[in-house]
Amino acid sequence: MLTNRATLGLVLAGALLAPLSATHAAESAADNYKTYCSQCHGLHGDGKGVNARDMSVQPRDHTDAKAMSARSDEALFKVIKEGGLAIEKSVLMPPWADTFSDEEIHGLVKYLRELCACQHGQ
Amino acid sequence: MNKNKLRCLTTAVTAVLASVCFNAAAADGNEILKSSCASCHNITGPAPTTLKDLWSRKGPDLFYAGNKYRPEWMEAWLHKPTRIRPTGMFYADNLKSGEKYEVVDAAKLAEHPALDKEKAAAVTSELMKLKPHDDLIAKETIEPGTIGLTMGEMVFDKFTGCLACHEIEPGYGGVSGPEVYTAGARLQPAYIASFTRNPQAWDPKTWMPNKHVSDVNIQKIVRYLDALSKEANNAN
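Fair warning: this is a prediction, and the values are worked out from it, not measured in the lab.

Okay, the overall build of chain B next. When you go through chain B residue by residue, the secondary structure sums to 11 helices and four strands. Within chain B, buried positions represent 47% of all 236 residues. Within chain B, counting contacts between residues at least 6 apart in sequence, those at least 24 apart form 64% of the total. A total accessible area of about 12400 Å² is found for chain B, and carbon and sulfur atoms account for 58% of it.

Take a look at the structure:
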């Protein structure tokens with residue numbers, strides 16, 4: 001009986017939560033990067049985005065293993081979430097906290113490590 | 001029939017004709033919206049909540065056009081449209097490799113059809129009825145004032161970094177967002193303030209990040225865009 005009630009409860013909870021998770025489903029890191037990051041960092045992550053020409057501080061080349069390995073994953077998470085000023089870098093890098101969930105930002109940090117083929121300190 | 005009766009009858013007929021003409025124009029605008037505009041513009045809402053839906057957007061959402069655009073600009077623009085988004089709706093679809101940076105592939109950009117003056121007026125009249133976000137607009141207070149272009153550019157570029165994505169004159173600035181050198185003439189001041197304050201409240205998946213711009217700088221940006229749109233080179 002208890003098991004049946006618990007099962008029913010889970011089913012109902014699942015039914016209630018399903019629409020929410022559908023609305024706020026995490027997008028893939030590659031899709032988020034293409035949509036939001038590539039306008040400055042480039043479709044290939046090489047810093048040659050369509051906006052870069054007139055920017056007073058050039059966007060980071062995410063394929064630059066030397067520069068990217070100097071940043072910890074925590075620093076990358078922070079700069080994506082809180083913007084360039086949060087790590088004493090350019091205001092041109094905006095905070096994306098209202099665009100991405102923390103889960104999506106963690107996904108983007110992993111994606112950046114794929115682009116640079118590097119890890120922090122390596 | 002005496003003169004008074006004739007005058008009275010004439011007035012009544014004129015009133016009826018005026019009413020019929022007005023309704024015909026309104027119906028015409030609504031019909032154009034549904035038959036022509038809706039294939040590229042979302043006129044019913046809601047805004048996209050997934051990237052897939054965002055990417056499929058062919059033109060700006062118009063379901064809150066009455067909260068967003070200045071009617072006089074809209075009417076003139078529909079009659080004589082110009083490009084506002086240098087890279088189209090989703091820049092990633094319209095780029096090619098350039099000498100140093102990625103550049104716009106103009107061949108991929110579509111032109112907006114022009115409407116004759118009567119249709120432009122009728123469509124504008126219908127669009128201005130679309131106001132689902134009066135609540136967001138009501139939260140904004142636009143304080144009268146002016147700002148010099150130099151100081152305005154300082155706020156727009158150095159303090160807030162908006163220049164990264166928006167052109168402040170033809171050919172200067174970022175291109176993934178709409179140009180802003182005509183934004184003051186195009187957009188209602190309270191919309192500029194509200195969208196700058198919280199872009200995701202209007203368009204959850206918008207490319208524009210919430211930079212948590214201060215109240216003071218929001219007022220300065222509104223004034224700057226107004227000043228910018230009145231520059232001789234930018235007025236169109």
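Further notes follow.
Looking now at the state of the cysteines. Evaluation of the coordinates by the stated rule reveals one disulfide over all chains. Paired by a disulfide, Cys116(A) and Cys118(A) hold their sulfur atoms 2.1 Å apart. When the S-S torsion is -85°, as for the bridge of Cys116(A) with Cys118(A), the disulfide is left-handed. A residue is classified by how much of its surface remains accessible, and Cys116(A), at 4% relative accessible area, is buried. A disulfide-free cysteine, Cys40(B) has its sulfur positioned 8.9 Å from the sulfur of Cys37(B), the nearest such atom. Cys40(A) provides the cysteine sulfur closest to Cys165(B), a residue in no disulfide bond, and the two sulfurs are 4.8 Å apart.

Here chain B averages 91 in pLDDT, and 86% of its residues register 70 or above. In this model, residues 15-26 of chain B is a region of pLDDT below 50 whose contacts with residues beyond four sequence positions or in other chains number three contacts.

A few words on the pattern of salt bridges. Residues and elements named next belong to chain B. By the definition in use, this model includes 14 salt bridges over all chains. Close ionic contact of Arg83 with Glu111 constitutes a salt bridge, the shortest N to O distance being 3.5 Å. Taken together, the residues Arg83 in the loop between helix H4 (71-79) and strand E1 (95-97) and Glu111 in the loop between strand E2 (102-104) and helix H5 (117-127) connect sequence positions 28 residues apart. Two residues, Asp226 and Lys230, come together in a salt bridge whose shortest N-O distance is 3.0 Å. Its relative accessible area of 61% is what places Lys230 among the exposed residues. Members of the salt-bridge network, linked through shared partners, are Arg57, Asp61 and Asp203.

Residue and element names in this part refer to chain B. Core analysis: the biggest nonpolar cluster contains 45 residues, and Tyr69, Leu127, Phe156 and Leu225 have the highest contact counts within it. Contributions of two or more residues to this core are made by helix H1 (3-37), H4, H5, helix H6 (134-138), helix H7 (149-159), helix H9 (189-197) and helix H11 (215-229). Leave out the neighbours within four places in its chain, and Leu127 touches Leu33, Leu62, Ala65, Gly66 and Met74.

This brings us to a nonpolar patch on the surface. Residue and element names in this part refer to chain B. On the surface, Met151, Met154 and Phe159 cluster together into a nonpolar patch covering about 270 Å² of accessible area. Mapped onto the elements, Met154 comes out in helix H7. Relative accessible area serves as the criterion here: at 36%, Met154 is assigned to the partly exposed category.

The next subject is the interface of chain B and chain A. Each side of the interface is counted separately: chain B has 36 residues, and chain A has 30 residues. Summing the contributions of chain B and of chain A, the shared interface buries around 2800 Å²; its carbon and sulfur component is 53%. A per-residue breakdown of the area chain B buries against chain A is headed by Leu51(B), Tyr101(B) and Glu102(B), which together make up 23% of the total. For the pair chain B and chain A, the number of links is one salt bridge. Ionic pairing is found between Glu27(A) and Lys205(B), a salt bridge with its closest N-O pair at 3.5 Å.

Once that is clear, we can look at the packing of aromatic side chains. Both the distance between ring centres and the angle between the ring planes are used here to describe each pair of aromatic rings. The final tally for this structure, using the stated rule, is 16 aromatic pairs over all chains. Aromatic pair Tyr69(B) and Trp73(B): ring centres 5.7 Å apart, planes at 10°, arrangement stacked. Geometrically, the ring pair formed by Phe90(B) and Tyr91(B) is edge-to-face, given 5.4 Å between the ring centres and 65° between the ring planes. Taken together, Phe63(B), Tyr64(B), Tyr191(B), Phe195(B) and Trp202(B) form an aromatic cluster joined through their ring pairs. The ring of Trp55(B) carries the charged tip of Lys34(A) above its face, separated from the ring centre by 4.3 Å.

Along its 13 residues, helix H2 (residues 29-41) of chain A runs just 14 Å from first to last C-alpha, ending more than 12% under the 18 Å computed at 1.5 Å per residue. Along its length, H2(A) shows its largest kink, about 45°, at Thr35(A). Where burial is concerned, most of H2(A) is hidden: 10 out of the 13 residues are buried. Turning to H2(A), its buried residues number three or more, namely Ala29(A), Asn32(A), Tyr33(A), Thr35(A), Tyr36(A), Cys37(A), Ser38(A), Gln39(A), Cys40(A) and His41(A). Each element contacted by the buried residues of H2(A) is listed here: helix H5 (102-116) of chain A together with helix H2 (51-55) and E2 of chain B.

Rules used throughout
- Counting restarts for each chain: residues are numbered from 1 in the order of the written sequence.
- All chains are assigned letters beginning at A, and all ligands numbers beginning at 1, according to the order in which they are written.
- Whole-chain, interface and lining totals are the exception, using all residues; otherwise, since this is a predicted model, local features are given only for residues with pLDDT of at least 70 and side-chain atom pairs are given and counted only at 80 or more.
- Only hydrogens and water are set aside; all other atoms, that is, all heavy atoms of the structure, feed into the side-chain values.
- Strands are runs of DSSP state E lasting at least two residues, helices are runs of H or I lasting at least four, and both sets are numbered from the N terminus onward.
- Categorising residues by exposure relies on relative accessible area from a 1.4 Å probe, with only protein chains included: less than 20% of the type maximum marks a residue as buried, more than 50% marks it as exposed, and the intermediate range marks it as partly exposed.
- For this analysis, residues touch if any pair of their heavy atoms sits within 4.5 Å.
- Here the open area of atoms and residues is found with the Shrake-Rupley method and a 1.4 Å probe, where only the protein chains shown may cover a residue.
- Counting rule for disulfides: a pair of cysteine sulfur atoms within 2.5 Å.
- The score called pLDDT rates the predictor's confidence residue by residue, from a low of 0 to a high of 100.
- The rule for a salt bridge is simple: a side-chain nitrogen of Lys or Arg has to be within 4 Å of a carboxyl oxygen of Asp or Glu.
- Only buried Ala, Val, Leu, Ile, Met, Phe, Trp, Tyr and Cys residues count toward a nonpolar core, and they belong to the same one when joined by side-chain atoms within 4.5 Å.
- Only residues whose relative accessible area exceeds 30% and that form no salt bridge enter a patch; like-charged residues are grouped when within 9 Å of one another, and nonpolar side chains (Val, Leu, Ile, Met, Phe, Trp, Tyr) when within 5 Å.
- Buried surface area refers to the total accessible area, computed with a probe of radius 1.4 Å, that the two partners give up upon joining, counted for both partners together.
- Paired rings are identified among Phe, Tyr and Trp, the last through its six-membered ring, by centres lying within 6.5 Å, and are further divided according to the angle between planes into stacked (under 30 degrees), edge-to-face (over 60) and tilted (the rest).
- Two conditions define a charge located above a ring, namely a distance within 6 Å from the ring centre to NZ of Lys or CZ of Arg, and an angle within 35 degrees of the ring normal.
- Helix span is expected to be 1.5 Å times the residue number reduced by one.
- Each residue is assigned a bend, namely the angle between axes fitted to the seven residues that terminate at it and the seven residues that start at it.

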